[in-house]
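Below, each chain spelled out in residue letters.
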Amino acid sequence: MQDLQINVPEMQGLVFALLLDGKGGAKNLSRLEVEQWTPDKGFLWLHWDSSATDTKSYMMQKSGIPALVLETLLEEEEDRPRCMSFGDNLLLFLRAINLNAGEELDDMISLRIWCEKNRIITLREDPMGFMWEIKEHLNIGAGPRDVGEMLDEILSLTLDKIVEAVSDIEDNIDTAEDKILDDIEDDEMMSKLSEFRRNLTEMRRYLAPQRDAMELMSRQMLSWLTGKDRFFLHENANRMLRIIEDIDSLRERAKINIDEIANRGREQMQQNMNTLSVLAAIFIPLTFITGLFGMNVGGIPWQDKAGFLITSVILILLGAILAIIFKKLKWY
């Protein structure tokens, strides 16, 4: 499902706004209802497009978030995953797999989250389909009931998409390994494996600090995080660690396969060079003899009619003897 926006002139950057009922359900809010919301009315989830100009205007003027936090939340620099607490509130930066059409898997999408006891604000740069999955869960009454469960579901779905992407790469590497074992020629295999390894390396660049951010989040002593919430957040951090270990394993497998293909290429080239060397070693003396007999001087033996036949037999025997000697020497 595409990440569509609510096209209201005053809040064009707002993707959707939901008021959770605390029982797994939620209702959509209009612009006016968002502006009139107060914490006593229930848990509010605002999902914004950070690239829209109206998003920054709302965040600066109407969100009520401290200026220091806004400066970090709205910064345009490339952001690495991290977690910071501000009093009883939490600021979290994550990276998610870019599953949009025509995009590279390693071009990971930034997701910025501001959590309060009764409100969560999420900002994304590019469409994120799994956010709509959470919305659909809320529409059928099977969604998160509070901010702790909301964070857990966001993290779980983020990791699900990462696992899917890593699994796809693993399947491709398995296919490449099978071709190598079966000696199936594929001129593009080396470039494909190099691309997979590059994707995994770029993914790990963001996912390693993301694991630290998840682990730090599970240790935050916030009033709205229960022991159960911390347990699930810690499990997500451990799951992130296992994904990183899988990525490291796949990177190593890709490297081994690349080295195997390169070694086979070098071996084939070496075999070709050995063959050429043996042929040269056989034909050099033969060439010398033919050149010697081809000189236009007197005294060349076998100038009668049987001379060509005798010379040909000598050359064939000499070539065969040299081939046998080189074979015994294991030159080929």
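Residues numbered from 1 in each chain as written. Predicted model: local features only at pLDDT ≥ 70, side-chain atom pairs only at ≥ 80, totals over all residues. Heavy atoms only, no water.

**Some remarks on the confidence of the model for the protein chain**
- Overall, the predicted model of the protein chain reaches an average pLDDT of 83, with 92% of residues at or above 70.
- For residues 1-10, every residue scores under 50 in pLDDT, and the model assigns this stretch 28 contacts once sequence neighbours within four places are set aside. (pLDDT = per-residue confidence, 0-100. Contact = heavy atoms within 4.5 Å.)

**Observations concerning helix α6 (residues 189-218)**
- Relative to the 44 Å expected for 30 residues at 1.5 Å per residue, α6 spans 42 Å between its end C-alpha atoms, a close match to the ideal helical length.
- Roughly 30 degrees is the biggest bend found in α6, and it falls at R204. (Helix = DSSP H or I, 4+ residues; strand = E, 2+ residues; numbered from the N terminus. Expected span 1.5 Å × (residues − 1). Bend = angle between axes of the 7 residues up to and from the residue.)

**What about helix α8 (residues 307-328)?**
- With 22 residues, α8 extends 32 Å from end C-alpha to end C-alpha; this agrees with the ideal 32 Å at 1.5 Å per step.
- Looking only at α8, the buried set comprises G307, T311, L315, G319, L322, A323 and F326. Around the axis of α8, the buried residues are gathered within 130 degrees of arc, so they sit on the same side. Turned more than 90 degrees away from the buried face of α8 sit L309, I316, L317 and K328, all of them exposed. (Buried < 20%, exposed > 50% of the residue type's maximum accessible area, 1.4 Å probe, protein only. Arc of directions from axis to C-beta.)

**Some details on the sheet that holds strand β6 (residues 109-115)**
- Sheet architecture is open: seven strands sit in the order β2-β1-β3-β7-β6-β5-β4, paired in mixed fashion. The open sheet has two free edges, formed respectively by β2 (26-28) and β4 (82-86), since each of these has just one partner strand. Direction aside, neighbouring strands of the sheet carry axes that sit 15 degrees apart on average.
- Packed on one face of the sheet, helix α4 (residues 129-139) meets β1 (14-20), β2, β3 (43-49), β5 (89-96), β6 and β7 (119-124) and runs near 30 degrees to β1. (Pairing = 2+ DSSP bridges. Axes fitted to C-alpha atoms, helices over the stretch in contact; angles between N-to-C directions.)

**A word on the environment of A281**
- As for its position among the elements, A281 is in helix α7 (residues 227-293).
- Placed 38 residues apart in sequence, A281 and G319 show a C-alpha to C-alpha distance of 9.6 Å.
- The residues contacting A281, other than those within four sequence positions of it, are L322, F326 and W331.

**So, the side chain of E116**
- Within the element layout of this structure, E116 appears in the loop between β6 and β7.
- Residue E116 is classed as buried on the basis of its relative accessible area of 17%.

**Examining the packing of α6 against α7**
- α7 packs onto α6 with a crossing angle of 160 degrees between their chain directions and a minimal axis gap of 8 Å. When the interaxial angle is binned, α6 and α7 end up roughly antiparallel. Both α6 and α7 take part in a crossing whose hand is left-handed.
- Of the residues belonging to the contact of α6 with α7, the class tally is 21 nonpolar, eight polar and eight charged. (Parallel < 35°, antiparallel > 145°, perpendicular 65-115°, else oblique. Left-handed = near helix turned anticlockwise from the far one by under 90°. Nonpolar A, V, L, I, M, F, W, Y, C, P; charged D, E, K, R; others polar.)

**A closer look at the pattern of salt bridges**
- Under the criterion given, the structure shown has 18 salt bridges.
- As a salt-bridge pair, R119 and E116 come within 2.7 Å of each other at their nearest N and O atoms.
- Between E215 and R211 there is a salt bridge; the shortest N-O distance is 4.0 Å. Of this pair, E215 and R211 both sit in helix α6, four residues apart, which is roughly one turn of the helix.
- One salt-bridge network, held together by shared partners, links E170, D174, E177 and R253. (Salt bridge = Lys/Arg side-chain N within 4 Å of Asp/Glu carboxyl O.)

**Section: the packing of helix α5 (residues 147-181) against α7**
- For the pair α5 and α7, the least separation of the axes is 10 Å and the interaxial angle reads 15 degrees. One element, α5, and the other, α7, form an angle in the roughly parallel class. α5 and α7 meet at a crossing whose hand is left-handed.
- Split into classes, the residues belonging to the contact of α5 with α7 amount to 16 nonpolar, four polar and eleven charged.

**Focus: the side chain of R95**
- Among the secondary structure elements, R95 is positioned in strand β5.
- Polar side-chain contacts of R95 include one of 2.6 Å to the backbone oxygen of M108. (Polar contact = N/O pair within 3.5 Å; in protein donor to acceptor, adjacent residues only side chain to side chain.)

**Overview of the packing of aromatic side chains**
- In this structure the tally under the stated criterion is five aromatic pairs.
- Ring geometry for F16 versus W132: centroids 5.3 Å apart, planes at 70 degrees, classification edge-to-face. Placement of the pair is F16 in strand β1 and W132 in helix α4, with a sequence separation of 116 residues.
- For F16, a relative accessible area of 1% translates into the label buried. (Phe/Tyr/Trp six-rings, centres within 6.5 Å; stacked < 30°, edge-to-face > 60°.)

**Observations regarding the pairing of β3**
- The element β3 is largely enclosed, with a buried count of seven among its seven residues.
- Burial along β3 is two-sided: the residues F43, W45, H47 and D49 and L44, L46 and W48 are all buried.
- Alignment of β1 against β3, held across six bridges, turns out to be antiparallel. When the sheet's bridge partners are listed, A17 is paired in β3 with L46.
- Pairing geometry for β3 and β7, over six bridges, is parallel. When the sheet's bridge partners are listed, D49 is paired in β7 with R124.

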